[in-house]
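Remarks on the overall topology
So the chains spell out like this:
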Amino acid sequence: MVQAEIQQNLDKIRAAYLSAEDLKVAASIIYNAYHDDPIFLQIFQSEKEGYESRLRSAIREELTAFWEAEQPIIGLFDEGRLLSVACLTGPDNAAGAGRYWHWRLKMLLTTGYYGTRQMLEKEEKIRSAMPAEKYHLLSFIAVHPDYQSHGLGHLLMRAIDSVLLEHRDSEGVGVFVTVPKYETFFSDGFYQKVAQVEIANKTGQVMFRPRP
């Protein structure tokens, strides 16, 4: 039923920047997509009670930081219904490796010292591996679980390309991939492997797509 609905409405799906009212739904979509991510399982100590709460809090604070820093948060909509979301940091983002002090404080209070430190280390290592000075970094990309495997990820990638082309000084888009099947997804989108990075005893691939 859902598949038929999507195929019928595929031409009606539009890409747009999210509004403040969309952030709660976006956080839920991202949470479901990253719940079993190997890096987040390690960073937020999934073996200990409260993993779900720590992960939800971290995603909420990340989205708040993106919003306050006016970084691109884009989504695919079907008549006002958010189906997928991508969060990027721009080439001139001041909320990068240093992070805002209030972000650190909120993360410490909600996810603890270990999770906060690991998140900062993750970002620093990823940025250090990038083969460019000015670039967009794709921090989150997620599709609602009811709408996966219908090509929405590829539509979202086109929207990401549009964001890139709006910034003449951006040399490309980078992403950190921890699941092998997603390496294939990004490779199909002309992302190249540039480095293998270990974070919290887990390894992943830093991939980069040069500006077309």
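Residues numbered from 1 in each chain as written. Predicted model: local features only at pLDDT ≥ 70, side-chain atom pairs only at ≥ 80, totals over all residues. Heavy atoms only, no water.

Naming follows an unreviewed UniProt entry, where the protein chain appears as N-acetyltransferase of Alteromonas alba.

Points about the packing of helix H2 (residues 23-34) against helix H4 (residues 51-68)
In the contact formed by H2 and H4, the axes pass within 10 Å of each other and the chain directions differ by 130°. For the element pair H2 / H4, the angle class is oblique. For the crossing formed where H2 meets H4, the hand is right-handed. Contact residues: H2 offers Leu23, Ala26, Ala27, Ile30, Tyr31 and Tyr34, while H4 offers Tyr51, Glu52, Leu55, Arg56, Ile59, Leu63 and Trp67. Along the lines of polarity and charge, the residues of the contact of H2 with H4 split into 11 nonpolar, no polar and two charged. (Axes fitted to C-alpha atoms, helices over the stretch in contact; angles between N-to-C directions. Helix = DSSP H or I, 4+ residues; strand = E, 2+ residues; numbered from the N terminus. Parallel < 35°, antiparallel > 145°, perpendicular 65-115°, else oblique. Left-handed = near helix turned anticlockwise from the far one by under 90°. Contact = heavy atoms within 4.5 Å. Nonpolar A, V, L, I, M, F, W, Y, C, P; charged D, E, K, R; others polar.)

A few points about H4
The α-helix advances 3.6 residues per turn, and as a result positions three or four apart in sequence lie on the same side. With 18 residues, H4 ought to run about 26 Å at 1.5 Å a step, and its terminal C-alpha atoms sit 26 Å apart, in line with that. Downstream of H4 by a residue or two, Glu70 has a phi angle that is positive, lying close to 55°. (Expected span 1.5 Å × (residues − 1).)

A word on the packing of aromatic side chains
Describing an aromatic ring pair means giving the distance of the ring centres and the angle of the ring planes. In the structure shown here, the tally under the stated rule is seven aromatic pairs. Their ring planes at 80° and their centres at 6.5 Å tell us that Tyr135 and Phe208 sit as a pair that is edge-to-face. Of this pair, Tyr135 sits in the loop between helix H5 (101-129) and strand S4 (136-143) while Phe208 sits in strand S7 (residues 202-210), placing them 73 residues apart in sequence. Across this residue pair, the class does not change: Tyr135 and Phe208 are buried. Ring centres of Phe186 and Tyr191 lie 5.2 Å apart, and the angle between their planes is 70°; on these two criteria the pair is classed as edge-to-face. As far as the burial class goes, Phe186 and Tyr191 line up, both buried. Here the aromatic cluster, defined as three or more aromatic residues joined through ring pairs, consists of Tyr34, Phe40, Phe44 and Phe140. (Phe/Tyr/Trp six-rings, centres within 6.5 Å; stacked < 30°, edge-to-face > 60°. Buried < 20%, exposed > 50% of the residue type's maximum accessible area, 1.4 Å probe, protein only.)

Quick notes on the pattern of salt bridges
Side-chain pairing between opposite charges can occur once the charged atoms of the two side chains come close. All chains considered together, the criterion is met by six salt bridges. With its nearest N and O atoms 3.3 Å apart, the salt bridge here joins Arg81 to Asp78. Arg81 gets classed as partly exposed once you look at its relative accessible area, which sits at 34%. Here Arg209 makes a salt bridge to Asp161, at a shortest N to O gap of 2.7 Å. Highlighted residues: Arg209 in strand S7 and Asp161 in helix H6 (residues 152-165), separated in sequence by 48 residues. On the accessibility criterion, Arg209 (15% relative accessible area) is buried. (Salt bridge = Lys/Arg side-chain N within 4 Å of Asp/Glu carboxyl O.)

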